[in-house]
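# Architecture and fold: a report
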Amino acid sequence: MTWIPPESGAVDNDQTPAHLAHVYQEGTWELGPPAGPYTSLSGVLQVLEYLDQERPTPGPGDTAETGFPLVDTADTGSSDSPLLCSVAYALSGVAIDSCPGCDFAFEVTHTVTMGNPNDCHDPDLPADGAILSLGFAPDYEPGQDWLLLDYGDSGLWLPWYPALQFADNVDFAWEATIGIYVEEEEE
Amino acid sequence: MMLLLLLACKQGAADSDSPLVLVTDSEPALPEGFDEIDFASVYTAALSTLITADTRLAWAGHIGTLARAAPGCPDWYVGSPDPEVLDAEGGLSWSDTCTQDDGTTFSGAAWWSTTLTVDGDPTTAEGQSTTGSRAFAAAATIEDQDGVLFAFDGEATDALSLTDAAGYSAWTWSSELLGTIDGALAVESGGMRVETYLFASGGESQSFELRGNLYWFEDLLDGRFDSLAADLAFTDSAAPDDCALEPSGWIGVRDPEAWWYDVVFQPRYTDDAVDTGTTNDPYSACDGCGTLYVRGIEQGEVCMDFGFVWDGLLTHPTAEDYALSLRDTLDTSEGP
């Protein structure tokens, strides 16, 4: 780490990032056995990051096969593609009971089925094969359910994904926009 | 050396019958009010200040700063906002010069990174291991209408290791803080320039090392001293070769007239034991007393009760202090 303080007056007023990463993470848990008490889950987590633009709105004919919500990783990394990363995980989980205030919690194994998490900018994105402890906390905030993460397996459960339960399914999603440095190509 | 020069001057004057007569006191003058200084109290306060001048000061200012952030002010970045400003791998940062609607102003840039890992089971013989680390670097000022909330120009790092097992626990913690720091979110008193290194460990017995110095821009310790410096090692171990009554090393305070008042305890390093300039009987005794030197001239003993060091002053961060994710930083969540 080398810190070079900027020269006085070298920064513009209310400067804005030259480039933004628009981050989208969403997924689903399918809980079992039906109606509970739940002992296992399977599901998916999808991650998309776009450079300097929000996720395009799907057109009438768009499906997963045509690029929504997932885009094949062959499109990432090219100079004219706004897609910074596209990663899909398969999820599998076994129940645990260590999450305070949760209706149910699991040790969830994240297996990458498409893309490379290293292309993404969320520093907390799980690596291939990572096992995270996640729990479903209803009304963690007034009117909002959350998936909580046992951060670093420290026993500290942090709000991770806003979530919603429908019968034996839990949908969750998180979005963020953050500045990134992009090395400009020399002309 | 000074005495030899004075003698030479006097001898020369006599030989040449020069009208120049040099008259000096044999004892150098001490600073005004010297006899009124309660050195035990001063060094207790100085030590308390230096022990707590660690990475947590800068981190507290940083966390307080994050709580004052608003959408777009400041702007957040993954990694460095610009490698020409900050050459760092990973982490998060903000960089901006902006003013919020309530007048809170962010100016400059800050970068930080944390890690936290917990492995094992504390109920087993092998136990549970917790490791955490933090790094923070900034050249930034955050202000509101009431003044500076946090200003930091420098770097701060620390690392924590905890081991908990059945019938056993131990910890180590190290901290390095280098820079200038100011603002109510970080320091109770006025701003300071600080350079400290601390290493502390605990378990069956506690120990810590402290090196560094601190200079207040405006405040004075005991109304008199603007600077502190120390190189000390403590233990509360009762082992035969250890001394729990006093540290090894020295601590000094300085007044604005550049008088340094150093108290020297047991030898800190092997070379100290043969340093004839500071060797004396009380120096090597384990009795809670050190020898006071003013500008290098011995001025007697200062005796202190160091029990306050082990009575809650020496603490380490908790694992929670190392949990700071991108989600904690951003407030842009949207539900499904």
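Residues numbered from 1 in each chain as written. Chains lettered and ligands numbered in written order. Predicted model: local features only at pLDDT ≥ 70, side-chain atom pairs only at ≥ 80, totals over all residues. Heavy atoms only, no water.

Let us now look at the overall build of chain B. Regarding its fold elements, chain B presents 6 helices and 14 strands. Looking at chain B as a whole, 47% of its 336 residues are labelled buried. Sequence separation of at least 24 residues holds for 56% of the intrachain contacts in chain B that already meet a minimum separation of 6. Accessible surface computed for chain B: about 16200 Å², of which carbon and sulfur atoms make up 50%. (Helix = DSSP H or I, 4+ residues; strand = E, 2+ residues; numbered from the N terminus. Buried < 20%, exposed > 50% of the residue type's maximum accessible area, 1.4 Å probe, protein only. Contact = heavy atoms within 4.5 Å. Areas by Shrake-Rupley, 256 points an atom, 1.4 Å probe, with all protein chains shown as cover.)

Burial of nonpolar side chains together is a common tendency in soluble globular proteins. Residues W29 of chain A together with Y43, I181, I251 and Y261 of chain B are the most contacted members of the largest nonpolar core, which totals 109 residues. Listed in part, the 7 residues of the second largest apolar core include C102, A105, W146 and W157 of chain A. (Core = buried A, V, L, I, M, F, W, Y, C linked by side-chain atoms within 4.5 Å.)

Here we come to the pattern of salt bridges. One pass over the full model with this rule turns up 6 salt bridges over all chains. Residue R327 of chain B pairs with D122 of chain A through a salt bridge whose shortest N-O separation is 3.3 Å. Of the two residues, R327 of chain B sits in helix 6 (residues 326-329) while D122 of chain A sits in the loop between strand 5 (104-114) and strand 6 (131-141), which places them in two different chains. Assessed through its relative accessible area of 9%, R327 of chain B is described here as buried. Linking R56 of chain B and D54 of chain B is a salt bridge whose minimum nitrogen-to-oxygen distance equals 3.0 Å. (Salt bridge = Lys/Arg side-chain N within 4 Å of Asp/Glu carboxyl O.)

The partner chain A presents 42 residues to the 45 residues of chain B that form the contact. Summing both sides of the interface, chain B and chain A together bury roughly 3600 Å²; the carbon and sulfur share of this comes to 62%. Across the contact surface, chain B and chain A share 1 salt bridge. There are 7 residue pairs in polar contact (both at pLDDT 80 or more) connecting chain B and chain A. For the side of chain B that touches chain A, the elements supplying multiple residues, two or more each, are strand 1 (76-78), strand 2 (86-87), strand 3 (92-99), strand 4 (105-120), strand 5 (128-144), strand 6 (147-165) and helix 6 of chain B. The biggest single contributor to the side of chain B that touches chain A is strand 4 of chain B, with 6 residues. Along the lines of polarity and charge, the residues of the side of chain B that touches chain A split into 23 nonpolar, 11 polar and 11 charged. (Buried area = accessible area lost by both parts, 1.4 Å probe. Polar contact = N/O pair within 3.5 Å; in protein donor to acceptor, adjacent residues only side chain to side chain. Nonpolar A, V, L, I, M, F, W, Y, C, P; charged D, E, K, R; others polar.)

As a further point, take the confidence of the model for chain A. Residue and element names in this part refer to chain A. Taken residue by residue, chain A gives an average pLDDT of 84. The fraction at 70 or more is 79%. Confidence drops under a pLDDT of 50 for residues 5-12, and excluding neighbours within four residues, the segment shows 6 contacts in the predicted structure. Taken together, the stretch residues 64-68 has pLDDT below 50 and engages in 8 contacts with residues farther than four places along the chain or on a different chain. (pLDDT = per-residue confidence, 0-100.)

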